[in-house]
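Descriptive structure summary
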There are 4 protein chains.
Amino acid sequence: MGNPLGIGLIGTGYMGKTHALAYRNVHAVMGDLPAIRLRTLCDTPQDKAAAMAAQFGFEHSSDDWRSLLNDPGIDIVSVTTPNQLHKEMALELIAAGKHVWCEKPMALTLADAIEMEVAARKAGVLTLTGYNYVKNPVFKLAQDLIADGVIGTPVHFRGWVDEDYQADPDLPWTWRARIKDAGLGTLGDLGCHLVSMAYGLLGPIESLIGDMQTVHVTRPMPDGQGHGQVENEDTASALVRFANGVQGSIATSRSAWGRKNRLAFEVHGTKGMICFDQERMNELQLYENSGPKSQQGFKTILAGPEHAPYGNFCPAAGHQLGFNDLKVIEAAELLTAIKEGRAAYPDFTAALEFEKVIHAIAESARSGARVTIEG
Amino acid sequence: MGNPLGIGLIGTGYMGKTHALAYRNVHAVMGDLPAIRLRTLCDTPQDKAAAMAAQFGFEHSSDDWRSLLNDPGIDIVSVTTPNQLHKEMALELIAAGKHVWCEKPMALTLADAIEMEVAARKAGVLTLTGYNYVKNPVFKLAQDLIADGVIGTPVHFRGWVDEDYQADPDLPWTWRARIKDAGLGTLGDLGCHLVSMAYGLLGPIESLIGDMQTVHVTRPMPDGQGHGQVENEDTASALVRFANGVQGSIATSRSAWGRKNRLAFEVHGTKGMICFDQERMNELQLYENSGPKSQQGFKTILAGPEHAPYGNFCPAAGHQLGFNDLKVIEAAELLTAIKEGRAAYPDFTAALEFEKVIHAIAESARSGARVTIEG
Amino acid sequence: MGNPLGIGLIGTGYMGKTHALAYRNVHAVMGDLPAIRLRTLCDTPQDKAAAMAAQFGFEHSSDDWRSLLNDPGIDIVSVTTPNQLHKEMALELIAAGKHVWCEKPMALTLADAIEMEVAARKAGVLTLTGYNYVKNPVFKLAQDLIADGVIGTPVHFRGWVDEDYQADPDLPWTWRARIKDAGLGTLGDLGCHLVSMAYGLLGPIESLIGDMQTVHVTRPMPDGQGHGQVENEDTASALVRFANGVQGSIATSRSAWGRKNRLAFEVHGTKGMICFDQERMNELQLYENSGPKSQQGFKTILAGPEHAPYGNFCPAAGHQLGFNDLKVIEAAELLTAIKEGRAAYPDFTAALEFEKVIHAIAESARSGARVTIEG
Amino acid sequence: MGNPLGIGLIGTGYMGKTHALAYRNVHAVMGDLPAIRLRTLCDTPQDKAAAMAAQFGFEHSSDDWRSLLNDPGIDIVSVTTPNQLHKEMALELIAAGKHVWCEKPMALTLADAIEMEVAARKAGVLTLTGYNYVKNPVFKLAQDLIADGVIGTPVHFRGWVDEDYQADPDLPWTWRARIKDAGLGTLGDLGCHLVSMAYGLLGPIESLIGDMQTVHVTRPMPDGQGHGQVENEDTASALVRFANGVQGSIATSRSAWGRKNRLAFEVHGTKGMICFDQERMNELQLYENSGPKSQQGFKTILAGPEHAPYGNFCPAAGHQLGFNDLKVIEAAELLTAIKEGRAAYPDFTAALEFEKVIHAIAESARSGARVTIEG
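Residues numbered from 1 in each chain as written. Chains lettered and ligands numbered in written order. Predicted model: local features only at pLDDT ≥ 70, side-chain atom pairs only at ≥ 80, totals over all residues. Heavy atoms only, no water.

Some thoughts on the overall build of chain A
- The helix and strand inventory of chain A stands at ten helices and 17 strands.
- Radius of gyration (C-alpha) of chain A: 21 Å, near the 21 Å computed for a compact globule of 375 residues.
- Across its three principal axes, chain A shows a C-alpha extent of roughly 65 × 55 × 40 Å.
- For chain A, the proportion of its 375 residues judged to be buried stands at 68%.
- For chain A, contacts bridging at least 24 residues in sequence account for 69% of all contacts bridging at least 6.
- Element-wise, carbon and sulfur atoms account for 51% of the exposed surface of chain A, whose accessible area totals about 12,000 Å².
- Side-chain charges of chain A comprise 33 positive and 44 negative groups, with the mean position of each set lying 3 Å from the other. (Helix = DSSP H or I, 4+ residues; strand = E, 2+ residues; numbered from the N terminus. Rg over C-alpha atoms; globule rule 2.2 N^0.38 Å. Buried < 20%, exposed > 50% of the residue type's maximum accessible area, 1.4 Å probe, protein only. Contact = heavy atoms within 4.5 Å. Areas by Shrake-Rupley, 256 points an atom, 1.4 Å probe, with all protein chains shown as cover. Lys, Arg positive; Asp, Glu negative; His and termini not counted. Charge placed at Lys NZ, Arg CZ, Asp CG, Glu CD.)

Quick word on the nonpolar core
- Counting 229 residues, the largest nonpolar core has A:Phe157, A:Phe265, D:Phe157 and D:Phe265 as the members making the most contacts within it.
- Not counting residues within four places of it along the chain, the set of residues in contact with A:Phe265 comprises A:Phe139, A:Ala142, A:Phe157, A:Arg158, A:Gly159, A:Trp160, A:Met197, A:Leu201, A:Ile274, A:Cys275 and A:Phe276. (Core = buried A, V, L, I, M, F, W, Y, C linked by side-chain atoms within 4.5 Å.)

Quick look at the domain arrangement of chain A
All names here are of chain A.
- Each assigned domain of chain A is listed here: domain 1 (5-132) and domain 2 (134-321 + 347-372).
- The C-alpha centroid of domain 2 is placed 25 Å from the C-alpha centroid of domain 1.
- Contact with domain 1, which involves 28 residues of that partner, is made by 27 residues of domain 2.
- It is Leu108, Leu110 and Tyr131 in domain 1 that bury the most area against domain 2; as a group they hold 31% of the surface buried on that side.
- Along the contact surface separating domain 1 from domain 2 lie zero salt bridges.
- Taken together, the connections running from domain 1 to domain 2 amount to ten residue pairs in polar contact (both at pLDDT 80 or more).
- Elements that contribute at least two residues to the side of domain 1 that touches domain 2 include exactly helix H1 (14-30), helix H3 (83-95), strand S5 (99-102), helix H4 (110-123) and strand S6 (127-129).
- For the side of domain 1 that touches domain 2, the element with the most residues is H4, which contributes seven residues.
- Its residues assigned to classes, the side of domain 1 that touches domain 2 shows 18 nonpolar, seven polar and three charged. (Domains from an automatic or database assignment. Buried area = accessible area lost by both parts, 1.4 Å probe. Salt bridge = Lys/Arg side-chain N within 4 Å of Asp/Glu carboxyl O. Polar contact = N/O pair within 3.5 Å; in protein donor to acceptor, adjacent residues only side chain to side chain. Nonpolar A, V, L, I, M, F, W, Y, C, P; charged D, E, K, R; others polar.)

Topic: the relation of the copies chain D and chain B
- Under the fitted operation, chain D is carried onto chain B by 0.0 Å of movement along the axis and a turn of 180°, and the coordinates agree to an RMSD of 0.0 Å. Such a turn and shift between the copies fits a two-fold axis. Across chain D, the rotation axis passes nearest the C-alpha of D:Lys299, at a separation of 2.0 Å.
- A shared binding surface is used by both copies, with 100% of the interface residues of chain D retained as interface residues in chain B. (Least-squares fit on C-alpha atoms with pLDDT ≥ 70 in both.)

Things to note about the pattern of salt bridges
- For the coordinates displayed, the defined rule picks out 112 salt bridges over all chains.
- Across the salt bridge formed by B:Arg121 and B:Glu117, the nearest N and O atoms sit 2.7 Å from each other. One end of the pair is B:Arg121 and the other is B:Glu117, both in helix H4 (residues 110-123) and four residues apart, which spans about a single turn.
- On the basis of relative accessibility, which here comes to 54%, the residue B:Arg121 falls in the exposed class.
- Judged by relative accessible area, which is 5%, B:Glu117 ranks as buried.
- Residue C:Asp144 pairs with C:Lys140 through a salt bridge whose shortest N-O separation is 3.1 Å. Within this pair, C:Asp144 and its partner C:Lys140 are both found in helix H5 (residues 137-147), separated by four residues, close to a single helical turn.

Printed below as a string of structure tokens:
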């Protein structure tokens with residue numbers, strides 16, 4: 001098997017922890033995969049890096065992520081830092097020949113994302129972007145049901161992704177409100193996840209018309225001195241046309257009280273319908289126009305071992321996977337791709353397509369005109 | 001009290017029956033209202049009219065709806081015929097000085113609806129259009145919650161109205177597929193109901209961008225000879241801006257397998273959210289950002305006697321109203337308006353505003369440009 | 001057809017109104033049934049009776065229900081008075097040869113119910129008891145699914161019926177708390193409805209063990225002077241064995257906060273399961289062990305025209321019946337039985353079987369021993 | 001901190017894997033806890049043990065679990081073998097001074113469980129039993145809501161736990177059907193989990209009356225030669241009385257088609273109600289009798305960081321924990337108890353109380369008499 005692949009992880013926050021847990025669990029859950037060692041954890045300051053390395057089980061810690069670049073013991077690096085740092089890190093890691101597992105969105109601007117994609121493609125390193133929701137066994141079931149014609153030919157799509165972390169008008173202003181630092185608002189945080197699902201279900205979006213709004217246009221400054229401007233969008237919506245001819249709509253809000261992770265979609269087909277809501281991530285709704293009319297209805301399918309790789313986590317249906325388990329499946333995808341010498345999905349090339357869409361929505365919202373997505 | 005108001009009813013189908021039942025029940029349910037008598041039921045042929053008059057309890061029957069025009073015993077006429085007949089009937093009835101309760105949509109074209117509205121306004125007769133869903137006590141609760149600030153200031157709206165009566169690609173072609181005979185497709189059948197709710201919650205829509213699609217572009221001819229063209233839309237969607245500054249989206253499909261009456265909306269506010277789905281018409285979802293964070297969640301409120309006029313039907317919460325009960329509330333609105341000498345809601349003037357929106361969606365879908373709704 | 005059947009109605013409260021509405025609507029909804037006339041409405045005092053007769057559309061009113069006994073124009077009498085009055089009224093009405101539609105429970109004691117059943121049977125008049133929930137088209141669907149073997153052979157049953165009208169400990173004492181006046185507590189108000197459904201699904205219960213409890217043992221007297229004793233049960237539960245060998249459990253509470261009409265059941269079969277909840281009375285849940293394992297799940301079937309007689313109310317699925325519509329179906333059963341010269345269901349004979357069960361639960365709860373239901 | 005605690009794990013099946021994952025993750029998730037090393041994994045045959053040790057990250061493997069007894073490097077042993085092996089293993093491990101984390105039920109018979117509890121108590125080792133569902137942050141929320149009086153004083157309890165792994169009548173006979181090998185049926189597999197929740201919510205059950213049934217009394221032998229007898233119960237139900245005066249009912253089935261992990265309960269209180277269903281393990285339903293009547297309803301609370309230790313897994317509400325995460329919380333309880341020098345919960349002493357109840361239900365079902373649980 002050769003030496004274990006050395007893992008570097010940059011960032012120990014929300015996503016950093018999920019990556020660490022994924023690396024810790026992926027072999028125990030999945031079995032036969034290339035061996036790894038948790039080599040270096042990077043964060044600042046150093047004592048935080050050291051403490052988290054101990055907690056997460058990394059051998060080393062560093063307050064200098066660039067120390068990973070020239071470390072021959074590092075093969076894969078997870079980038080889980082704030083979005084504005086992704087580009088610089090990814091480019092240097094790619095240049096150093098490391099495989100990169102980068103959280104989404106890839107970058108603040110489309111130009112940056114394109115630069116990253118080009119660099120990765122040229123360097124021949126493997127990349128993976130953190131579109132974890134498409135790793136849900138229940139999402140795979142939705143894809144299979146479509147592929148198998150269970151709902152016939154898709155004819156319409158609707159999707160939403162809402163949270164409420166910016167719903168409170170009294171929340172203080174942060175750098176997240178500044179386009180220079182944060183890029184897009186809800187489109188970058190949430191909207192791109194929905195696009196990844198739409199693509200997984202129906203393929204590329206060809207064109208769209210969008211609208212967006214900053215609901216809370218100013219926020220109180222944290223120091224209590226006046227109000228700061230919120231530059232990026234709280235809500236965004238678009239009417240989309242897929243390349244396969246299907247029409248639909250997508251919408252996102254970060255100011256939707258009560259929604260905690262409502263990433264939901266409907267696929268309407270000529271023979272049935274599929275519905276999903278991430279807040280009940282272990283369930284899929286399926287309607288089929290078959291059997292006696294008097295007995296037709298939406299079925300609630302509970303995730304179970306028939307929906308791979310659920311069974312690797314638990315042999316009993318209805319016992320449920322959690323959010324962190326999706327990252328384990330992502331990690332397995334990365335290691336499997338390395339093992340098989342193929343691209344991981346979604347790599348920077350695939351992710352770039354998703355991110356084109358969110359930037360196109362913003363562009364259309366500003367111009368008022370239909371925007372065509374260039375493939 | 002004077003003589004009872006004489007009722008004429010044109011049409012004995014789906015909606016005709018609901019009007020008949022509403023007239024039969026409205027006094028028993030509501031109590032103090034102007035007296036009525038079920039005078040004349042019109043349908044063709046005469047023997048059908050006679051049979052249904054016997055069933056519904058009308059004194060007379062006729063196969064000539066114009067017989068109502070000069071009958072001084074007729075004060076109110078319900079028009080429940082196919083949509084293409086509404087205009088002619090309404091105009092003549094208005095000219096004859098009758099109050100008119102007309103099913104929605106008012107007419108096939110906006111020009112026709114405008115003509116009807118102008119005629120009614122000039123004649124001074126009372127009109128009511130069959131936007132029954134805004135009569136739901138639970139919808140009134142939603143309006144009250146917004147008015148009382150329970151969800152703060154509304155900031156976003158989403159609405160959908162879907163059914164599956166045109167979902168089966170193998171259904172034969174009918175006149176409903178021809179614009180000349182049927183006007184709009186799902187926008188006219190379903191979409192205008194959603195607009196009536198949006199207006200009831202957030203007031204007028206100022207402008208919109210729309211898209212629409214005929215999903216099943218041809219249908220087999222009933223005689224088995226080839227296929228006929230479907231001219232009007234199976235799905236339609238729009239990004240809307242309300243006059244009050246709120247943005248949102250609305251969408252409708254008549255080809256959505258499994259949806260039987262999914263007329264649903266979300267109103268996002270600065271302090272909470274309201275959600276509703278007509279398929280569970282006795283429930284309202286309410287999220288409030290108040291109390292301990294650990295105890296926040298969407299509440300499912302069951303309709304009950306606190307939600308007038310539910311208590312007129314049943315003194316016990318959770319026992320549920322049905323679709324036909326909404327028409328009783330409509331009938332009560334009409335009779336109350338007559339009693340109080342005021343306009344009924346929604347009369348032709350209000351309904352015209354709803355119907356402008358569906359035509360604007362179609363117009364925008366054809367042109368690709370934003371359409372401003374003229375007030 | 002002969003003369004219309006003359007209707008007498010005693011009581012104008014909650015149930016009185018539902019009977020009045022049912023009589024008003026039954027022909028318009030159902031069509032071909034024996035004609036009726038709403039002849040006499042009885043309540044006290046006379047002015048209330050007169051006012052309600054006007055509202056409900058009865059020809060006459062009376063403050064003396066016995067005036068119905070010798071009125072040859074009265075054929076059917078609805079008894080919707082408080083339960084302690086049912087027996088006296090029913091016996092005299094039966095003796096006078098009237099058909100009787102009596103609300104449930106038949107009487108305060110089993111002895112009284114037996115006396116009523118015997119009298120009705122001997123007199124040969126037609127009776128109907130107000131077990132409205134078994135008239136739901138969705139309940140009929142459940143029965144059909146079982147009869148057709150869709151869930152295989154039933155193997156287990158669970159049922160609950162809960163409301164919260166006695167959940168508040170601060171509600172004042174009323175006569176309803178006194179056994180002499182009110183008989184059983186939640187078993188009589190709610191429990192017997194559940195038994196009617198259990199019988200409709202699985203046939204007779206053979207034996208049971210029960211337990212019960214008065215949760216709020218005293219209540220403040222309405223005059224503010226001390227507390228009165230609550231003599232009857234707030235909750236009751238039983239482990240039951242059906243004659244067909246199926247075991248199960250049933251439970252009821254009138255002190256269950258948040259439950260407004262939660263009359264719910266599960267039937268477990270060898271091939272599937274059926275679940276129902278009256279708070280969503282237009283839905284039935286069905287699980288079938290068939291098709292691919294990966295696609296199995298509980299289906300939510302929405303009531304529609306395939307579920308007779310839903311289509312008599314509305315031709316479109318998902319539009320929903322309400323509570324009052326169930327009484328229309330009851331009225332149709334009564335008139336159809338008269339027309340066909342057969343017993344109505346559930347008549348006093350059938351209802352007596354239901355009510356034996358609730359008395360058996362109370363008996364078992366007191367004795368601690370298993371009680372066999374005598375057929 | 002001294003040396004890391006050495007972990008031994010016996011069994012690599014369903015539960016063995018969950019223990020392995022829990023040990024792997026607990027520090028990374030929870031932070032400050034005594035250090036551990038995954039020392040020895042035991043299973044048979046040896047090559048399986050070795051393969052799973054590699055997969056799970058254990059240093060050693062063995063096909064002889066007794067090798068753990070005299071290994072001074074082993075401090076804690078997880079027993080995840082079939083139930084009939086628990087007693088022998090636990091007794092020897094306890095005698096060897098090891099802490100024991102044993103899956104539930106403790107043993108096939110109450111006598112065996114008592115013997116285990118006495119041994120552990122005398123030896124002074126720490127024990128933990130695998131009642132994972134009481135570790136759910138949402139269950140802790142339910143406990144807190146009761147303790148804080150949010151639903152007032154509890155007055156009634158209902159619980160169910162159903163799965164369908166024995167629902168198919170055609171499943172072949174296994175040793176699980178033989179009392180000698182498997183002990184109780186659904187009561188041992190599922191029922192005891194429900195009891196653990198009932199105790200966590202309302203304290204000890206004082207007495208009960210039970211009933212039970214073997215639904216599928218024979219099953220085809222795996223070799224196709226005739227049928228074998230199923231000796232233990234497929235369903236069981238009981239009417240219970242808690243020591244605090246609350247009455248209620250509990251029921252379980254392993255033959256309930258469609259139920260995958262329906263471990264559900266309702267706690268009725270004087271001011272509100274709490275409902276839970278493990279199939280939606282990240283949700284709690286709460287009804288409070290407070291605020292305007294017109295706005296009351298059941299709230300669906302989504303698990304989030306306010307519900308410790310959810311936040312250790314994920315800082316964002318609504319993102320969901322999975323089944324395996326509950327075992328991480330269990331592992332943390334064990335290590336925390338060791339660190340703090342206190343008993344873990346639920347240890348053998350607590351678990352014995354739960355298991356008394358399931359044996360009491362079986363006893364009562366056989367005798368027909370009420371059984372008092374001896375404390």
